[in-house]
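The chain contents come next:
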Amino acid sequence: MEGFSLSHVLPTGRRLGISMMLALGTSLSALGGSPAFAQQGQASIPSIHLDIPRQPLSAALQAFSRRTGIQVVYTASVDVGIISPGISGDFDAMSALSRLLSGTGVTFRQSGKGAVVLTKAAANITLGPVRVGGTITQQDPTGPGVGYVATTTMSGTKTDTPITEIPNSIYVVTKQLMQDQQPQNVAEALRYTPGVYSEMYGNNQDGGGIAGTNSGIMQRGFTTKSFVDGLQLNSASSGETAFIERIEAVNGPSSVMYGQTNPGGIIGISLKKPTSTPLHQVSVGFGSWGRYEATVDVSDKITKSGNVRYRVAAIGVSSGTQVDHIDYHRVGVLPSITWDIDPKTSLTLLGMYMYTPGNGTNYLQYPTCGTLIQNENCRRIPRNTFTGYKSFNEQGSKEAMFEYMFKHDFNKYISFSQTFRYENSHSETNDVYSRIGVTNSEVGVMPWSINGRSETIGLDSRIYGKFSTGAVKHTWIVGSDFRQLEYTQNALYDYTQTYTQNLYNPTTNTPVCVNIHSSACTVYGSVGPYNYFQEGVYFQDQIKWKGLSVLLGGREDWVNYGKYRYSVNNDNSTHTITYSKQNNTLQPQHAFTWRAGVIYNTKFGLSPYFSYSTSFVPQAGSTDYLGKPFSPLTGKQMEAGLKYKVPNKNILLTASAFRIDEDHYLISDLEHSGFSSDVGKIRSQGFEVSANANITKDLRLVASYTYTDIRFAKTNQTAKRVDIYGNSYGDAVSETGKFVPYIPRNMFSVFADYTIPASIAKGLGINWGMRYVGSTYVDNVESFKTPSYILFDIGAHYDFGQAVPALKGLKAQLAVSNLTNKYYITSCGTAFCYTGQGRRLYGNLTYNW
């Protein structure tokens with residue numbers, strides 16, 4: 001047996017003088033990686049239990065050395081003001097050291113003499129996973145990720161779990177990817193995500209990033225919802241990218257963890273919170289259509305020890321849009337504070353206020369004539385065409401939010417965490433929307449005025465922990481969550497005359513009449529108060545034996561509705577419809593959902609998996625034209641796939657195949673305007689392939705292909721086909737077996753960023769992306785298609801500090817989407833179409849210190 005001694009130099013230069021004899025076949029293999037040490041897999045790596053609380057780095061390293069006998073070398077400047085996140089659990093020595101350094105900006109290397117030396121990581125690089133002895137340390141599951149790769153998640157299981165141990169599809173949009181692409185809302189950030197069609201409404205999509213309901217974002221062919229820090233919400237904080245640390249698409253049913261969600265999946269969003277290492281960043285930006293933007297992101301410690309830390313993110317932006325007279329203006333701030341009360345207890349408080357006097361939303365659709373159809377009788381309608389009225393063109397909102405996140409570890413087996421959020425939102429809209437086509441050059445429009453208010457309270461409490469039964473390890477969680485929503489809306493429509501607009505020469509100064517105090521104007525669609533309460537109890541066990549992981553979970557949901565008033569005023573006669581429990585039109589609903597899955601992690605990085613899961617969404621707030629409530633949406637999915645984490649590389653490859661069945665799917669009732677019809681069962685099946693890769697320190701890449709075949713599987717609905725001009729023909733045909741409209745069958749995307757070698761152009765990097773979206777059908781009987789399209793994105797970044805040391809921390813970024821300025825259609829109905837976004841440029845200067 002041979003031995004060695006590692007030296008740990010304290011900031012004062014004093015040596016600890018601790019040494020130990022380590023067997024080459026065991027502890028030397030724990031150091032791994034270098035040819036000087038034993039090769040991976042030759043011997044098992046010894047584990048030791050460590051319980052080192054969050055504290056200054058020097059103290060954490062001393063505790064590490066006392067417990068393991070390993071000595072660490074570092075200079076006095078390395079640990080100045082740095083706080084270690086601490087560690088608790090069973091780890092081999094080097095994995096434990098990597099975790100102690102996680103998020104500190106400090107990394108380590110192994111010298112030829114067998115010493116472990118600490119150094120500060122390069123500027124602007126987040127310390128990523130370090131491979132040691134065949135294991136990989138975990139990243140922060142709610143943090144920014146490393147480059148284009150995130151290896152762990154909270155969204156999939158509500159526990160800190162590697163993505164390769166979860167038997168379903170999870171894709172992460174990292175902070176670095178958002179920085180390189182410069183998306184201005186969540187929909188744009190999801191453009192390169194497998195299984196997600198994020199811009200179905202194209203230029204009609206919300207330009208201000210208010211994605212609480214994710215209107216227009218589809219997962220595996222179904223509408224989706226946002227969950228921010230694990231709770232569903234309605235406010236704009238879920239869509240403001242300046243406040244977001246990362247975005248995750250959890251594809252497939254997620255009802256077990258999140259309650260009432262469609263079977264396509266959920267969008268998980270993590271807001272910015274205080275960081276362990278100081279962060280100071282300001283930026284100013286500019287872009288197309290007169291966009292000017294300023295952001296601030298500052299995080300630092302309040303107390304000397306760093307147990308109390310703060311972070312403030314803020315944005316101010318003013319911009320036009322590609323549509324004339326529709327603007328986007330916003331100011332917002334997201335302050336937060338974290339208090340590590342003791343080594344086992346922490347509390348994080350967040351607040352948000354956002355004022356958006358112009359949300360950039362375009363409610364205007366253009367007729368198929370002039371968009372989908374372009375000929376001498378249907379000239380192309382310019383994308384900047386505004387068919388509203390300048391005197392009646394206001395869209396704004398105010399949102400406020402308070403959130404707390406509490407965590408306490410009772411011991412190494414049991415922990416408790418709780419997240420609470422209160423939101424208050426107020427929105428006002430005075431605008432017009434497209435109504436009917438009149439001629440090839442004119443469109444009917446309807447002025448409307450909407451005033452809406454909502455209050456939401458959400459709470460998620462859970463007890464969780466780990467234990468072992470022999471060689472079998474369990475990660476368990478039991479929790480309960482609830483959400484209460486109260487919503488009131490008044491909608492006013494001007495029926496005093498028929499408004500039309502010329503699409504090629506619109507008259508934008510016509511006065512309109514929308515006034516609740518005027519008898520000449522019609523009140524239509526007043527809603528509220530609308531009360532909704534949802535509660536669920538869930539459990540989950542992640543069972544691990546060697547490389548095999550089994551996931552089991554279940555949930556019971558209860559939904560209750562209060563009285564729901566819906567007022568209609570037609571022909572000067574008011575009718576008020578009241579839905580309530582008493583008349584059985586708002587019946588309480590409940591359901592049990594469950595999931596089970598298995599995944600096997602091989603030693604060479606490949607992880608095959610299979611899972612089955614179910615979903616539940618109540619529809620008690622919707623009725624058919626006879627007032628009969630609809631049955632809940634219920635879904636089920638089978639999914640099989642492969643995940644491959646390339647050994648010793650930050651490369652994650654995934655492939656999955658799925659089949660989803662959902663019952664009681666609703667569509668618009670074509671015979672009774674304003675009502676829905678239950679079409680029965682629909683089936684979505686397909687597959688997804690993706691790659692997230694930090695190929696080298698200078699080359700990053702994401703790529704994906706999605707195939708989605710979604711059809712009406714079983715229905716008694718029929719409809720007539722229409723031609724491209726909207727004229728019906730022939731006999732009614734069954735919708736069974738027909739494709740669900742608006743969903744592309746094929747999507748492909750690739751995006752890569754490359755930092756050019758310093759010998760050629762010091763500090764310069766470039767990126768390039770391509771997005772392909774396949775054709776979609778316009779109705780339920782496949783009358784005709786909206787064509788496919790390909791878009792190109794490019795960008796560049798320049799680090800001034802690489803060339804001029806005095807400018808260290810200053811960086812320029814440029815992003816151009818739809819480089820060729822292609823005119824394309826994102827989706828169409830039988831009469832109207834949504835046009836896509838034209839070429840958009842955005843650049844900024846960012847300074848970090």
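The structure displayed is predicted, hence computed values, not measured ones. (Residues numbered from 1 in each chain as written. Predicted model: local features only at pLDDT ≥ 70, side-chain atom pairs only at ≥ 80, totals over all residues. Heavy atoms only, no water.)

Before going further, it helps to examine the pairing of strand E46 (residues 764-773). Where strand E45 (residues 746-755) lies against E46, nine bridges are found, and the strand directions are antiparallel. Paired with Met747 across the two strands is Val773, which belongs to E46. As judged from the 10 bridges shared by E46 and strand E49 (residues 789-799), these two strands associate in the antiparallel manner. Within E49, the residue paired with Ile766 across the bridge is Ala796. (Pairing = 2+ DSSP bridges. Helix = DSSP H or I, 4+ residues; strand = E, 2+ residues; numbered from the N terminus.)

Further remarks concern the side chain of Asp779. Note on placement: Asp779 falls in the loop between strand E47 (776-777) and strand E48 (785-786). A polar side-chain atom of Asp779 sits 3.0 Å from the main-chain amide nitrogen of Glu782. (Polar contact = N/O pair within 3.5 Å; in protein donor to acceptor, adjacent residues only side chain to side chain.)

Time to look at the packing of aromatic side chains. Taken as a whole and judged by the stated rule, the model has 18 aromatic pairs. Relative to Tyr707, the ring of Phe687 has its centre 5.6 Å away and its plane inclined at 25°; by these criteria the two rings are stacked. Of this pair, Phe687 sits in strand E41 (residues 681-694) while Tyr707 is found in strand E42 (residues 699-714), placing the two residues 20 residues apart along the sequence. On the basis of relative accessible area, Tyr707 is assigned to the partly exposed category, the value being 22%. Each residue in the set Tyr148, Tyr192 and Phe751 is aromatic and connected to the rest through ring pairs, giving one cluster. Its end group placed over the ring of Tyr823, Arg380 keeps NZ or CZ at 4.2 Å from the ring centre. For the cation-ring pair, Arg700 lies above Tyr148, with the distance from its terminal atom to the ring centre recorded as 5.3 Å. (Phe/Tyr/Trp six-rings, centres within 6.5 Å; stacked < 30°, edge-to-face > 60°. Buried < 20%, exposed > 50% of the residue type's maximum accessible area, 1.4 Å probe, protein only. Lys NZ or Arg CZ within 6 Å of the ring centre and 35° of its normal.)

Confidence in the prediction for the protein chain averages 83 pLDDT; 81% of positions are at 70 or higher. In this model, residues 1-45 is a region of pLDDT below 50 whose contacts with residues beyond four sequence positions or in other chains number 91 contacts. (pLDDT = per-residue confidence, 0-100. Contact = heavy atoms within 4.5 Å.)

To continue, consider the sheet that holds strand E19 (residues 265-271). Ordered in space as E12-E18-E19-E16-E17, the five strands form an open sheet in which the pairing is mixed. Two strands close off the open sheet at either side, each with one partner strand: strand E12 (170-173) and strand E17 (231-232). Here strand E16 (residues 226-228) runs beside E19; their pairing, made up of three bridges, is parallel. The partner of Ser226 across the bridge, within E19, is Ile267.

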